[in-house]
Amino acid sequence: MPEKIKITYVSKEIEKLCYIDGKSDWIDLRAAEHVVLKKGEFRLISLGVSMCLPDGYEAVVVPRSSTFKNFGIIQTNSCGVIDESYGKFSSSDVWKMPVLAVRDTEINVNDRICQFRIQKHQPEIIFEEVELHDDESLGRGGFGTTGKN
């Protein structure tokens, strides 16, 4: 059964949220304001929505794969996590994307600049400490070594 999410569209100019062309379970978010940035400028860009997430869920917000190429911006927190406490009590908790411009750029209302998905919180885990193995066949070679010959 699908989860119901209460949403307020703070901007009436942006398109309503929907899945990405039926190809993915990620949902695009759009700029809800016209933004002009000079290289090196920081800005919180309004995404024009406020949501009340169900208990036990969080949203993960990341740039679209074309955001840097198209707009020359990077998301300053790399990956945004919005938990169910944000927006629960007030529609003034509008989702925003913190960006840094790496070149002069212009973003228009309704430009798709990031995407999100909603997921259940990580289950409680217990770390069990073990000794390292000296058998080199068990290791992969460390960070950044996958796919190297």
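Before any of the text, the structure's been laid out above.
The rules we used
Residues numbered from 1 in each chain as written. Predicted model: local features only at pLDDT ≥ 70, side-chain atom pairs only at ≥ 80, totals over all residues. Heavy atoms only, no water. Helix = DSSP H or I, 4+ residues; strand = E, 2+ residues; numbered from the N terminus. Buried < 20%, exposed > 50% of the residue type's maximum accessible area, 1.4 Å probe, protein only. Phe/Tyr/Trp six-rings, centres within 6.5 Å; stacked < 30°, edge-to-face > 60°. Lys NZ or Arg CZ within 6 Å of the ring centre and 35° of its normal. Pairing = 2+ DSSP bridges. Axes fitted to C-alpha atoms, helices over the stretch in contact; angles between N-to-C directions. Salt bridge = Lys/Arg side-chain N within 4 Å of Asp/Glu carboxyl O. Polar contact = N/O pair within 3.5 Å; in protein donor to acceptor, adjacent residues only side chain to side chain. Contact = heavy atoms within 4.5 Å. Core = buried A, V, L, I, M, F, W, Y, C linked by side-chain atoms within 4.5 Å.

Visitor: Just to check I follow, could you spell out the environment of Ser92 for this structure?
Guide: Considering the arrangement of structural elements, one finds Ser92 in the loop between β8 (80–83) and β9 (96–101). By relative accessible area, which is 56% here, Ser92 ends up exposed. Along the chain, Ser92 and Thr8 lie 84 residues apart, while their C-alpha atoms are 9.4 Å from each other.

Visitor: Looking at this structure, I do not really get the packing of aromatic side chains. What am I missing?
Guide: What describes a pair of aromatic rings is the distance from one ring centre to the other and the angle between the planes of the rings. Overall, the coordinates contain 1 aromatic pair when judged by the stated rule. Summarising the aromatic geometry, the rings of Trp95 and Phe116 are spaced 5.2 Å apart at their centres and angled 85° between planes, so their arrangement reads as edge-to-face. Residue Trp95 is located in the loop between β8 and β9, and its partner Phe116 is located in strand β11 (residues 112–120); the two are separated by 21 residues in the primary sequence. Since its relative accessible area comes to 2%, Phe116 is described here as buried. Cation over ring: Lys16 sits above Tyr9, and NZ or CZ is 4.1 Å from the ring centre.

Visitor: Any chance you could explain the sheet that holds strand β2 (residues 27–30) here in plain terms?
Guide: Where strands meet in a sheet, backbone hydrogen bonds hold them as pairs that are either parallel or antiparallel. What the 4 strands build is an open sheet, ordered β2-β11-β6-β8; its pairing is antiparallel. Sheet topology places β2 and β8 at the edges, where each strand pairs with a single neighbour. Taken pair by pair, the neighbouring strands of this sheet meet at an average axis angle of 30°, ignoring direction. Bridging between strand β6 (residues 57–63) and β8 involves 4 bridges; their strand directions are antiparallel. Its bridge partner being in β8, Ala59 is matched across the sheet by Ile82.

Visitor: How should I be thinking about the pattern of salt bridges in this particular structure?
Guide: Close approach of charged atoms lets side chains of opposite charge pair. For the structure shown, the criterion picks out 6 salt bridges. Its salt-bridge partner being Arg117, residue Asp25 comes within 2.6 Å of it at the nearest N-O pair. Within this pair, whereas Asp25 is found in the loop between β1 (6–9) and β2, its partner Arg117 is found in strand β11, the two being separated by 92 residues in sequence. Ionic pairing is found between Glu33 and Arg43, a salt bridge with its closest N-O pair at 2.8 Å. Of this pair, Glu33 sits in the loop between β2 and β3 (35–37) while Arg43 is found in strand β4 (residues 42–46), placing the two residues 10 residues apart along the sequence. The class of Arg43 is partly exposed, set by a relative accessible area of 29%.

Visitor: Before we go on, may I ask you to explain the side chain of Thr105 in this structure?
Guide: Following the sequence through the fold, Thr105 ends up in strand β10 (residues 105–107). Within the structure, Thr105 has its side chain in polar contact with the backbone oxygen of Phe71 (distance 2.6 Å). Setting aside anything within four residues of it in sequence, one finds Thr105 in contact with Val35, Val36, Leu37, Phe71 and Ile73.

Visitor: Is there a simple way to explain the side chain of Ser11 in this structure?
Guide: With respect to the helices and strands, Ser11 occurs in the loop between β1 and β2. Apart from the residues within four sequence positions on either side, Ser11 is in contact with Ala32 and Gly48.

Visitor: How do you make sense of the nonpolar core when you look at a structure like this?
Guide: As a rule of thumb, nonpolar side chains are buried together in soluble globular proteins. Grouped together as the largest cluster of nonpolar side chains are 26 residues, with contacts concentrated most on Leu29, Trp95, Ile107, Ile113 and Phe116. Counting residues per element, the ones that place at least two in this core are β2, β3, β5 (49–52), β6, β9 and β11. Ignoring any residue separated from it by four or fewer positions in sequence, one finds Leu29 in contact with Leu17, Leu47, Val49, Val61, Trp95, Asp111, Arg112, Ile113, Cys114, Gln115 and Phe116.

Fair warning: the whole summary comes from geometry, so function is off the table for now.
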